[in-house]
Amino acid sequence: MQSQVQDTPERRAFYEKIDKCNMTALWTVMSALITPEPKSGCVPFLWKFSEIREAMLEAGKLITAKEAERRVLILENPGLRGQSRVTTSLYAGVQLVIPGEVAPAHRHSQSALRFVMEGSGAYTAVNGEKTRMEVGDFVITPSQAWHDHGNMSDKPMFWLDGLDIPLVQFLDASFVEHLGQDEQPIARPEGDALARYGANMMPVGRARGGATSPIFNYPYSRSREALERMRLSGEWDPCHGLKMRYINPETGDHAMPTMGTFLQLLPKGFTSARYRSTDATVFSVVEGRGRSRIGDVSVEWGPKDIFVAPSWKPIVHVTTEDAVIFSYSDQPVQQKLGIWREDRGNA
Ligand code: 1HN
């Protein structure tokens, strides 16, 4: 590290003088601005689903989804408390929709992802189309898309919400509107988007070309089947096992412009090669058990647990069962800015 610039009475007097003019000498802060490696308040942490679930059911007795607008408990990184952040750039929360409830229609500039943890058959409507959700489904609400949720099933539904809130906040680009009715008008039959864009084909005609994938529900049944097929080849990545990136079928780019989303299979008894990257990542376990060493912290995980790895902290996963893990990060943003870095060691 660069040595600290010497303080002298003359210099200190100068700093105080320019301070009154809203100026600061770069040489007094430079080493904090450009660090040799990422330096983050974000720390590794794991939330047990059993604890989340219990708190959520208690919240369910305290407030309706309608009054709350969204009944969500925010997962706050212990190193970033009070900021509604799970990582420096991203938000995570767990949402509960009880049978018979609706979360009213609104839209905002923040993009949102849902990853279903428990329940079956609750729906979300996005841009005039409804989709019923099952465990492991990855569902997208693009920036400025109207969305409302409802649960016509007979069981509570829990899902993980991932949003780019801190990123949008940083850019001072937040807008929200309320539709003024619980449910948005439905204009397309259920399954329309997946039929148009989810069959390795796309409609011929006027180009759509949005920043977000036109598919807004990537069903777990399909993604899981792909992973199971792939394992037959036995081609495991030393760092990631079998890791798939959700894509926008129109472009091959990430499914969402601000959040990269992934699903990976790690077989029983797998120890991953040490890996680090500059995109702090939120992991949501679907199946299986194991533990992960993140920097010098160890977390033990099972189904539905959620854990977070900060930027550039080395990660090693060890499984005791076949495991399937969903994850998201700000990787697409960093890649577009040309600053994303990964370190696979020698793997
Ligand atoms: C939001 O719109 C949802 O639509 C969930 O389900 C969580 C957190 C902050 C701001 C908006 C949703 C949210 C949110």
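Overview of the structure. (Residues numbered from 1 in each chain as written. Predicted model: local features only at pLDDT ≥ 70, side-chain atom pairs only at ≥ 80, totals over all residues. Heavy atoms only, no water.)

## What to know about the nonpolar core
This is how it is decided: Buried Ala, Val, Leu, Ile, Met, Phe, Trp, Tyr and Cys residues form a nonpolar core when they are joined through side-chain atoms within 4.5 Å. Relative accessibility under 20% of the residue-type maximum defines a buried residue, over 50% an exposed one, and the middle range a partly exposed one, all with a 1.4 Å probe and only protein chains included. Any two residues whose heavy atoms approach within 4.5 Å at even a single point are treated as in contact.
Formed by 49 residues in total, the largest nonpolar core has its most connected members in Phe138, Leu263, Ile306 and Tyr328. Each residue touching phenylalanine 138, except ones within four places of it in the same chain, is listed here: Leu113, Arg114, Phe115, Phe216, Asn217, Tyr218, Tyr246, Ala255, Met256, Thr261 and Phe326. Counting 13 residues, the second largest nonpolar core, distinct from the first, contains Phe283, Val285, Ile294 and Ala309.

## A few points about the site of the ligand
Counted only if it meets this: What makes a residue near a molecule or strand is one non-hydrogen atom of that residue sitting within 4 Å of it. Polar contacts, as used here, are pairs of N or O atoms within 3.5 Å; protein pairs need one atom able to donate a hydrogen and one able to accept it. Residues neighboring in sequence count only if both atoms are side-chain atoms. Computed with a 1.4 Å probe, the accessible areas rest on the Shrake-Rupley method; for each residue, only the protein chains presented here act as cover. Each helix is a run of H or I in the DSSP string that is no shorter than four residues. Each strand is a run of E no shorter than two, and both are numbered from the N terminus. Put simply, Ala, Val, Leu, Ile, Met, Phe, Trp, Tyr, Cys and Pro go in the nonpolar bin, Asp, Glu, Lys and Arg in the charged bin, and everything else, Gly too, in the polar bin.
Inspection of the region around the ligand gives Arg70, Tyr91, Gln95, His106, His108, Arg114, His147, His149, Asp161, Leu163 and Ile165 as its neighbouring residues. In the environment of the ligand, an oxygen atom lies 3.0 Å from a nitrogen or oxygen atom belonging to the side chain of arginine 114. The separation between an oxygen atom of the ligand and a polar side-chain atom of histidine 147 is 2.8 Å. Protein contact buries 83% of the 330 Å² of open area that the ligand shows by itself. Among the secondary structure elements, those contributing two or more residues to the shell around the ligand are strand 3 (91-97), strand 4 (102-108), strand 9 (147-150) and strand 10 (157-163). When the residues that make up the shell around the ligand are grouped by side-chain class, the tally is 3 nonpolar, 5 polar and 3 charged.

## Considerations on the pairing of strand 17 (residues 290-294)
Looking down a regular strand, the side chains alternate between one sheet face and the other. For the record, the criterion: For two strands to be treated as a pair, DSSP must find no fewer than two bridges joining them.
Burial along strand 17 is one-sided: the face carrying Gly290, Ser292 and Ile294 is buried and the face carrying Arg291 and Arg293 is not. Where strand 17 lies against strand 18 (residues 297-301), 5 bridges are found, and the strand directions are antiparallel. Within strand 18, the residue paired with arginine 293 across the bridge is serine 298. Between the end of strand 17 and the start of strand 18, which pair antiparallel, lie 2 residues, with glycine 295 showing a positive phi angle near 60 degrees. Two elements, strand 17 and strand 20 (residues 315-319), share 5 bridges in a ladder whose sense is antiparallel. Across the sheet, residue serine 292 finds its bridge partner in strand 20, namely histidine 317.

## Some points on the sheet that holds strand 8 (residues 138-141)
In any sheet, the strands associate via hydrogen bonds between backbone groups, in a parallel or an antiparallel arrangement. We count it as follows: To obtain each axis, a line is fitted to C-alpha atoms, and for helices this fit is confined to the stretch in contact; angles are then taken between N-to-C directions over 0 to 180 degrees.
With respect to topology, 6 strands assemble into an open sheet ordered 2-3-10-5-8-12, the strand pairing being antiparallel. In this open sheet, the two strands that pair with only one neighbour each are strand 2 (72-74) and strand 12 (217-218). Pairing of strand 5 (residues 112-118) with strand 8, which is carried by 4 bridges, proceeds in the antiparallel orientation. Its bridge partner lying in strand 8, alanine 112 is registered against threonine 141. Contacting strand 2, strand 3, strand 5 and strand 10, helix 3 (residues 49-62) runs over the sheet at an angle of about 55 degrees to strand 3.

## Thoughts on the pattern of salt bridges
Condition: By definition here, a salt bridge exists when the distance from a side-chain nitrogen of Lys or Arg to a carboxyl oxygen of Asp or Glu is within 4 Å.
For the coordinates displayed, the defined rule picks out 24 salt bridges. The residue glutamate 190 makes a salt bridge to arginine 132 at a minimum N-O spacing of 3.2 Å. Taken as a pair, glutamate 190 in the loop between strand 11 (176-178) and helix 6 (192-197) and arginine 132 in strand 7 (residues 129-134) lie far apart in primary sequence, 58 residues in all. On the basis of relative accessible area, glutamate 190 is assigned to the partly exposed category, the value being 43%. Counted as one network, the salt bridges with shared partners bring together Arg224, Glu228, Arg231, Glu287 and Asp322.

## Description of the sheet that holds strand 13 (residues 242-245)
An order of 1-19-16-21-14-13 is seen for the 6 strands of this open sheet, with the pairing classed as antiparallel. For this open sheet the edge positions go to strand 1 (45-47) and strand 13, each flanked by a neighbour on one side alone. Strand-to-strand twist across the sheet, computed as the mean angle between neighbouring axes with direction ignored, equals 20 degrees. Relative to strand 14 (residues 260-266), strand 13 runs antiparallel, the two sharing 4 bridges. Considered in strand 14, the bridge of leucine 242 is made with leucine 265. Docked against the sheet, helix 7 (residues 220-231) engages strand 13, strand 14, strand 16 (281-287) and strand 21 (323-329), running at close to 45 degrees with respect to strand 14.

## Side note on the side chain of aspartate 330
Short version of the rule: When charges are counted, neither His nor the chain ends are considered; positive counts come from Lys and Arg and negative counts from Asp and Glu.
Tracing the backbone through its elements, the reader meets aspartate 330 in the loop between strand 21 and helix 8 (331-337). The side chain of aspartate 330 sits in the buried core without any salt bridge; arginine 85 is the nearest counter-charge, 9.8 Å away. A polar contact of 2.9 Å, which involves the side chain of aspartate 330, links it to the side chain of glutamine 334. Leave out the neighbours within four places in its chain, and aspartate 330 touches Ser89, Leu90, Thr258, Asp279 and Ala280.

## Concerning unusual backbone geometry
Non-glycine residue glutamate 69 carries a positive phi angle of around 75 degrees. Its location among the elements puts glutamate 69 in the loop between helix 4 (65-68) and strand 2. Unusually for a residue other than glycine, asparagine 200 sits at a positive phi of about 55 degrees. Its place among the elements puts asparagine 200 in the loop between helix 6 and strand 12.

## So, the side chain of threonine 319
For threonine 319, the location among the structural elements is in strand 20. Of the polar contacts made by the side chain of threonine 319, one reaches the backbone oxygen of proline 267; its length is 2.5 Å. The contacts of threonine 319, once residues within four sequence positions are left out, are Leu266, Pro267, Lys268, Gly269, Phe270, Arg289, Gly290 and Trp301.

## So, a nonpolar patch on the surface
The following threshold applies: For patch building, the residue pool is restricted to those with more than 30% relative accessible area and no salt bridge; the joining distance is 9 Å between like charges and 5 Å between nonpolar side chains (Val, Leu, Ile, Met, Phe, Trp, Tyr).
Where nonpolar side chains cluster on the molecular surface, the patch consists of Leu26, Val29, Met30, Leu33 and Ile34 and spans about 450 Å² of accessible area. On the secondary structure map, valine 29 appears in the loop between helix 1 (9-19) and helix 2 (30-33). Note on valine 29: relative accessible area 31%, which makes it partly exposed.

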